[in-house]
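Working through the structure, step by step
The chain contents come next:
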Amino acid sequence: MAFSLLNQLRQINRHLVELPCPGCDQDDPHLIWRYDRYFLRVNLSACRHCGLVYLARGMKDDTQARFYGQLYPRLMRQPPATKAMWNYKLIAGYRFSEISAVVGQCQSVMDVGAGLGFFLAACRAHNYDSYIGLEPGGPQYDHAVQVLGLGGHVRPEKLDEETQLPFAPQLVTLFHVLEHIQEPGKALARIAKLMDPKGWLVIEVPDIEADWHELGLLQVHVSHRSYFSQQTLEKLLNANGFYVQHWSREAYGIYEGNLRAYARLGETAKPEVAPLPTPVHDLQAHILKQIRPLSLRNGYPRMAWRLARL
Ligand SMILES: [Zn+2]
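Keep in mind it's a predicted model, so treat the numbers as computed, not measured. (Residues numbered from 1 in each chain as written. Predicted model: local features only at pLDDT ≥ 70, side-chain atom pairs only at ≥ 80, totals over all residues. Heavy atoms only, no water.)

**Some words on the overall build of the protein**
Counted only if it meets this: Only DSSP runs of H or I covering at least 4 residues are called helices, and only runs of E covering at least 2 are called strands; the numbering of each starts at the N terminus. What the globule rule says is 2.2 Å times the number of residues to the power 0.38, and the radius of gyration is computed from C-alpha atoms. Burial here depends on accessible area, computed with a 1.4 Å probe over protein chains only, as a share of the maximum for the residue type. Under 20% is buried, over 50% is exposed, and the range in between is partly exposed. In this description, contact between two residues means that some pair of their heavy atoms is separated by no more than 4.5 Å. Computed with the Shrake-Rupley method and a 1.4 Å probe, the accessible areas treat only the protein chains shown as cover for residues. His residues and chain termini do not enter the charge count, which takes Lys and Arg as positive and Asp and Glu as negative. Lys charges are placed at NZ, Arg charges at CZ, Asp charges at CG and Glu charges at CD.
For the protein, the count of helices and strands is nine helices and 13 strands. Expected size for 310 residues packed as a compact globule is a radius of gyration near 19 Å; at 19 Å, the protein falls within 12% of this value. Along the first, second and third principal axes, the C-alpha set of the protein runs to 55 × 50 × 35 Å. Looking at the protein as a whole, 51% of its 310 residues qualify as buried. At a minimum sequence separation of 6, the contacts of the protein that also span at least 24 residues come to 70%. For the protein, the accessible area works out to roughly 14,800 Å², and carbon and sulfur atoms hold 54% of it. On the protein, the mean spot of the 33 positive side-chain charges and the mean spot of the 30 negative ones are 8 Å from each other.

**A word on the environment of Cys47**
With respect to the helices, strands and loops of the structure, Cys47 is situated in strand S3 (residues 41-47). Overall, the relative accessible area of 1% leaves Cys47 in the buried class.

**Structural notes on the coordination of the zinc ion**
Put simply, the rule is: Because water is not among the atoms used, a metal site may look incomplete, as its donors are only the N, O and S atoms within 2.8 Å, or 3.2 Å for Na, K and Ca. Under this scheme a four-donor centre is tetrahedral when all angles range from 85 to 135 degrees, a four-donor centre is square planar and a six-donor centre octahedral when opposite donors are above 155 degrees with the rest from 65 to 115, and any other centre is irregular.
Ligation of the zinc ion by protein atoms is provided by Cys21 (SG), Cys24 (SG), Cys47 (SG) and Cys50 (SG), these donors lying 2.3 Å from the ion. Its four donor atoms give the zinc ion angles of 103 to 114° at the centre, a pattern that matches the tetrahedral case. Motif for the zinc ion, donor spacing along one chain: C-x2-C-x22-C-x2-C. Of this pair, Cys21 sits in the loop between strand S1 (17-18) and strand S2 (29-35) while Cys50 sits in the loop between S3 and strand S4 (53-55), and the two are 29 residues apart along the sequence. Its relative accessible area of 1% is what places Cys21 among the buried residues. Looking at Cys50, the relative accessible area reads 7%, which means it is buried.

Below is the structure:
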């Protein structure tokens, strides 16, 4: 089993291709770090044009389909063990309460990348009239339908240009999803068309400019294409019809350096001088300080051990 997993990873590695910046589509990477947590050659880079940190080598089309179909559930242990489920459920309840405190009570929601379905179930429990989740991952979708009874409310698909909804959601959520999407700008533009014009878009991503040294190398993952900061996420939102009304970060939060944006459709007054992106050399220094490649807890030795056990 371990052998075939490593073989599959090696195959993925052979099929990685050069990718442009997911933020601005330019091809001007400043290389920061070559390998991801699975020893795949991903070339983590900062875009010299827009400042977004991204993988300048990564998966496309077939390779990506094979990765999410065959490898991702095994690497990420989806579905999680029964004894680990409480954690996912508590996180969903926590998110629901944090978000409701800002946006108030909504009637309708779309959760993009609904995962195991706990957040959608929390919305159902709080009397949302309409709720829909998109979840292309097989084991996660099965859990949402079979265990949480969300059949008819979750679709086994990802968001794309063809996505249509039976209602315009007042709340759209993406929890640790945007960084996986090949063309995140297009996804945001699609959401802008689908949602209630007075609604809220709530996005959570890992913040690359935060302190995440406890995660270390684990942060760098072939499926994470973009590594946003407040600035680069805001730029992408602005470019696709949104402005950010509120940001939140919490100590001891869900994920080290978790960043949550509460965005709405429309424009805010533009600052007279647009803030400059963090200089690539500062970004590089920050990232290299957080990645601890030789750490026994979360560096390459640990990842080799984990892969061998899988
Ligand atoms: Zn860029």
